[in-house]
Every structure is written in structure tokens, then in C-alpha cells.
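Here are the chains, one letter per residue:
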Amino acid sequence: METPINFNEKKGFICDMDGVIYHGNRILPEVAEFIQWLHDEDKEYLFLTNNSGYTPRELNQKLARMGLDVPEEHFYTSALATAAFLREQAPGCSVFAIGEAGLLNALYDAGITMNDVNPDYVVVGEGRSYSLDTLTKATNLVMQGAKLIGANSDVSGPIENGIAPACRALIAPIEMATGKQAYFCGKPNPLMMRTGLKKLNCHSGEAVMVGDRMDTDVISGMESGMSTVLVLSGVSTRETLKTYAYRPSIVLDGVGDIAAMARREKA
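Residues numbered from 1 in each chain as written. Predicted model: local features only at pLDDT ≥ 70, side-chain atom pairs only at ≥ 80, totals over all residues. Heavy atoms only, no water.

K.L.:
I'd love a proper account of the overall build of the protein, names of residues and values included.
P.N.:
Each helix and strand counted, the protein has 10 helices and 15 strands in total. Its C-alpha atoms give the protein principal-axis dimensions of about 65 × 35 × 35 Å. Restricting to contacts in the protein with at least 6 residues of sequence separation, those with at least 24 account for 67%. Of the roughly 12,300 Å² of accessible surface on the protein, 50% is carried by carbon and sulfur atoms. Separation of charge centres in the protein, based on 24 positive and 33 negative side chains, amounts to 3 Å. (Helix = DSSP H or I, 4+ residues; strand = E, 2+ residues; numbered from the N terminus. Contact = heavy atoms within 4.5 Å. Areas by Shrake-Rupley, 256 points an atom, 1.4 Å probe, with all protein chains shown as cover. Lys, Arg positive; Asp, Glu negative; His and termini not counted. Charge placed at Lys NZ, Arg CZ, Asp CG, Glu CD.)

K.L.:
Go over the pattern of salt bridges with me, naming the residues and quoting the values.
P.N.:
Throughout the structure, instances matching the rule amount to 9 salt bridges. Among the salt bridges present, the one from Glu41 reaches Lys266, with a minimum N-O distance of 2.8 Å. With Glu41 in the loop between helix 1 (31–40) and strand 4 (44–49) and Lys266 in helix 10 (residues 256–266), this residue pair connects regions lying 225 residues apart in the sequence. Linked by salt bridges that have partners in common, Asp16, Lys187 and Asp217 make up one network. (Salt bridge = Lys/Arg side-chain N within 4 Å of Asp/Glu carboxyl O.)

Below, the structure written as C-alpha cells:
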């Protein structure tokens, strides 16, 4: 049973990106109208991604290439969530990191140093620097006492011609070889959602989580006390819903429907 949401009464919107805003290098239908509605109505909004590879500036430029102008401060990534977690847990710690610029920059900005001899943590994100050599190095550092951290728990992510293994799949060999469990900082970790709400200056009851995945977006919104919108523009279908014991507040075809519904409510 769907729970109606009055979008006009909500203050903040946290939106997943891939499958919600774009797919690959293609903006999804009616996204520009949705972003325009957010601006017109003075809504607070944050684009949240579990992809740890990009910096907020790179995401800003990626959307600009597709014709959307979204300032850097409206992006929050699992890399930033990971850096914030480590800064909170162990200020000034050192890490051996496997990942792209998004992860490395976030760690540096949080005052965390790189160390491939005796780091406090091994941190794994997605990235082309992943190889048998870096995997072996990471495994032995964990065996020597470094704690294992994953930027997110996604097993796979969509790419233009199929799927690519994501962070959870990449970290699994280290877990299996060492017998140690990783701690994951991205969605659906409620820490990431709480930080998102703080950035929006919003209470969970005033906010909406919009995503295309039940297992990361909807569950993280629901467990944080937010209204949840599942959009069918990404990986999930109406059939997907039947395999989960929980439900989103509402199911829509895409984010354009949010703006359309809000305008109808106002009329």
C-alpha cells in the first residue's frame, strides 16, 4: 500500500544519481524539469552517490557536460562519507587506499595520510588501480593488523554495456583471504544518511530519499525515518518490489513525476 507524500511540504530531497539522474552518459527524461522545480520551490537537495571514484567537482562537470548546472556543494559521495568516518574515529590516521581521485582527495582533505608500510586502515573503493598486486598488498597489511574499510557495499554497478563489479565484490577477496570483515561507510549505512540530512539542515521527517534500488536507497531512507520514492528509471522494476519485506512510500516512473505531482497538488 503506497503512502501519499505531499512533496510541497517537504524541505529536503536526497537523490541517488545513477539510474535516477543519469544512466551512463545520458540524462534521464524530465530530470532538468525536476531540478528546476527544486530551485523554483527553494528546496534543499543533495545528490548522493555510492560511487567513490569521483570528486564533487568531477560530478559537477559530468552533469555540466550533459547540460545540467548543479553546484559542487550539492554532491555527497561514499568517499566523503568514508573520510568523515575515519576523521571522526581516528583523527590523523594513515591508510593504504585502493581507489580513484574521489577517494584519495577526500582522505587527504580529512587530514589522513597514505602509508603502505604499517597503515591504521586499508580502504577500498572502486578504481582502475585495483590489481593482484594491490590486492596482495592490502591482504598482508590487514593480516598485520590494519582495519579493513569499504567505501560502499554495492556488489555491482551499471555501465553502458552491462555491469561492473563494485566495492563489495572487490573487497571480498581480502575478507576471504584474511577472515576479517570490512566495515562499509556508504549507503545503506545510516551514518551517510544522517550526514546528508545535516548538510540539508533537515529533520528526517521533512526529507525524501529518491532512488532506484531497494537494497541501498529505499532501505537507507526508510531506516533514517524519511519518506522514500522508488523510481523505475534505473535497476528496479515493479517485480523487484515483490522480493523485499519492506516497501517504499511511493513508486514513480522517474523524478519528473515528483515535480508534476507537486504542481498538481498546488493547483
